[in-house]
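Given next are the chains, with one letter for each unit.
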Amino acid sequence: MAKKTSNPSSDRHRAIRIALYNHKGGVGKTTLIINIAAALSKLGKRVLLVDTDPQCNLTSYLVEASVVDDWLDKSETPNGATIWSALRPFSEGIGELKSISASETPDGIFLIPGDIRLSRFEEDLNQIWIECFQRKVHGFKGATAISEIVNGVAKKEKIDFVFYDVGPNIGPLNRVVLLDCDYFIIPAACDLFSVRALKTLGHSLASWIRDWNTISQLAPDDVPLLPGQPKFLGYILQRFKMYGGAMAEAFSSYAAKLEKSAHSDIVMVLREIDANLAKGTLSQNKLGQVKDFSSLVIYSQEEGKSFFTVTDGAEGQKQEAKTAFTSIANNIIAQTKGHSSN
Amino acid sequence: MKKVIINKQQRKLIDELVNYYIDNKRLLQVLLDQVASSVSSSQKLRPPLIHSVKSRLKDPEHLRDKLQRKMVEANEKQKRFMITTKNLFSKINDLAGYRIIHLHTTQFQEIDTELKNILGEQSWILHEGPSARTWDDEYREYFNTIGVDVNRSPNLYTSVHYIIKANKDNPVTCEIQVRTLMEEVWGEVDHSINYPHKSESHSCREQIKVLARVTSSSSRLVDSIFSSHKDFQEHAAGQMANLKTNKTRPKKKK
């Protein structure tokens, strides 16, 4: 059936929005985002990170604890700077979204800080989803609220790439974030649980896309809409060890299983909805792989920087990390080129 | 009856159209639920103004019959059959159907006003209608005076139709029908006997025609009863008021 041509909020900024999503936690999602963002930034792209995980791991990773505490203390004041500061007037029914500014990190990356109170908005989102099905304007405003906030910042800072750091769950907050994305990437560890997780991930994404398609086809004229067509950009393999220049055997069997599962549980499931949602062939689905840089992780967390911009750490390791992430960044640029975002 | 054959290719097209409808049934079901929730949000569109509501999605086999009939008709007239999956939803408007049933015809004006209010408030697009179908001269007059288009109904029934849409871009529609409970009885009988294929029994067809006349008279009788009742109540209320004013007046002493 003819879809309502994706006309999200009439003036969606051209920045390409990407989520790193896996409801299985502990796959190194936050670390990946920071490194990919830094690599893209080194290639001259302007990158905005949006922390939509109420646990605020990304924010705490990048920003000093005292500053984060201060943001959280002041998030409900007129100077509030977190994502909740922007959402609160709408969520509490006292006004429209408040416009906020992004903070710039040492790596030259922009950040919309997360907030533990975002979980309150997540509660609203269940009702908001029902309201969308009932064609109520409030529902559409709620579903697109985060998208609007991001749009404002992307415009102001002339952003090229937006990355959402989302919580590890299949909840209503992740639903609106994923439906706002042009693409999503699955970070996956080389273990049994990561392989198993792909099945639920594929099915929930597919049902979100279908639901939103129904909602937007029946939406009244002139309400803000989400694009609702997140394309699969690929998965990134992580958390494996190398042995003599090759992936250690214990990990390579999971790597093969992940490749298969990404194809049958993600690509094929999405293609049933629309062939454009997942274009890659079996082997093209791997966007990149990143071995375990154990010692760099610690320095990177301490300094709030990427693996290759930290001051401590062995040069060889840093170079290796830089090569791996630059390759992923280049892949992302190449594969998102010509995305029909206005 | 002369049998016109639908060829293999045409049959395939009809299958394709019916399957397309089945694939999109969920969308139409959501649309229908939305219409129902819009109507039920009104404080007025409930008893006593309306008696009850009904909603249904068209049975896919009934759609098949309808398409086959149209195909045969096109073949007979040597015209092109114009329905494709691209325009199915804009050509067939009663796939999602919602019905408002009320007691007597003159309630219609108030129902129409309220229904239009609700549709406007909730940003529905009134794509077509309201248009009434009736064969009864007196009712035609009634609908004309309240500004509703009237078409002659060869089927002998009286009802008013609206076609609504969710927005400008999407072709799916919902048909809202408003009719009286008496007409509902006639409609149900006619539907059971004559749908999807007209009964071949002469006497059945005859009796259904007579039933339409009885239905019309019954509807008219209910209108009359309610109008008499109202008139009586107003009259009685007037008398009571008179009595009260008489009582408050000081009585003359003898």
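Just so you know, these numbers come straight off a predicted model, no measurement behind them.

(A) Highlighting the nonpolar core. All names here are of chain A. Leu48, Phe121, Tyr164 and Trp212 are the most contacted members of the largest nonpolar core, which has 117 residues in total. The dominant element in this core, judged by the number of residues it contributes, is helix α9 (residues 192-217), at 8 residues. Leave out the neighbours within four places in its chain, and Phe121 touches Trp84, Leu87, Phe90, Ser91, Ile128, Gly142, Ala145, Ile146 and Leu173. Core analysis: the next-biggest nonpolar cluster, separate from the first, contains 42 residues, Leu58, Val290, Phe293 and Phe325 among them.

(B) Highlighting the pairing of strand β6 (residues 183-189) of chain A. Residue and element names in this part refer to chain A. Burial analysis of β6 places 7 of its 7 residues in the buried class, the great majority of the element. Neither face of β6 is exposed, since Tyr183, Ile185, Pro187 and Ala189 on one face and Phe184, Ile186 and Ala188 on the opposite face are all buried. Here 3 bridges tie strand β1 (residues 16-20) to β6, and the two strands are oriented parallel to one another. Within β6, the residue paired with Ile18 across the bridge is Tyr183. Bridge analysis of β6 against strand β7 (residues 231-238) gives 7 bridges, and the strand direction is parallel.

(C) Seen up close, the state of the cysteines. Under the defined criterion, the tally for this structure stands at 0 disulfides over all chains. The structure places no disulfide on A:Cys132, whose sulfur is separated from the nearest cysteine sulfur, that of A:Cys181, by 17 Å.

(D) The arrangement of the pairing of strand β6 (residues 173-180) of chain B in detail. All names here are of chain B. Of all 8 residues in β6, 8 are buried; the element is thus mostly enclosed. Covered by surrounding structure in β6 are Thr173, Glu175, Gln177 and Arg179 together with Cys174, Ile176, Val178 and Thr180, the residues of both alternating faces. Sheet topology places strand β2 (residues 96-102) next to β6; 7 bridges connect them, and they run parallel. From the neighbouring strand, Gly97 faces β6, where its bridge partner is Glu175.

(E) Quick look at empty space enclosed by the protein. Residue and element names in this part refer to chain B. The full count for this structure, using the stated rule, is 2 cavities of 30 Å³ or more. Volume-wise, the largest cavity comes out at about 60 Å³. As for the largest cavity, its lining consists of His102, Thr105, Phe108, Phe143, Thr158, Ser159, Val160, Val178, Arg179, Thr180 and Glu183. For the lining of the largest cavity, the elements supplying multiple residues, two or more each, are β5 (159-165) and β6. Broken down by element, the lining of the largest cavity gets its largest block of residues, 3 residues, from β6. Residues belonging to the lining of the largest cavity are distributed by class as follows: 4 nonpolar, 5 polar and 2 charged. In this structure, the second largest cavity occupies an estimated 50 Å³ of space.

Each value, and the rule that gives it
Residues numbered from 1 in each chain as written. Chains lettered and ligands numbered in written order. Predicted model: local features only at pLDDT ≥ 70, side-chain atom pairs only at ≥ 80, totals over all residues. Heavy atoms only, no water. Core = buried A, V, L, I, M, F, W, Y, C linked by side-chain atoms within 4.5 Å. Buried < 20%, exposed > 50% of the residue type's maximum accessible area, 1.4 Å probe, protein only. Helix = DSSP H or I, 4+ residues; strand = E, 2+ residues; numbered from the N terminus. Contact = heavy atoms within 4.5 Å. Pairing = 2+ DSSP bridges. Disulfide = S-S within 2.5 Å. 1 Å grid on protein atoms, 1.4 Å probe; cavity = no way out; pocket = protein on both sides within 12 Å on 5 of 7 lines; lining within 4 Å. Points joined across faces, edges and corners; volume = space filled by probe spheres on them. Nonpolar A, V, L, I, M, F, W, Y, C, P; charged D, E, K, R; others polar.

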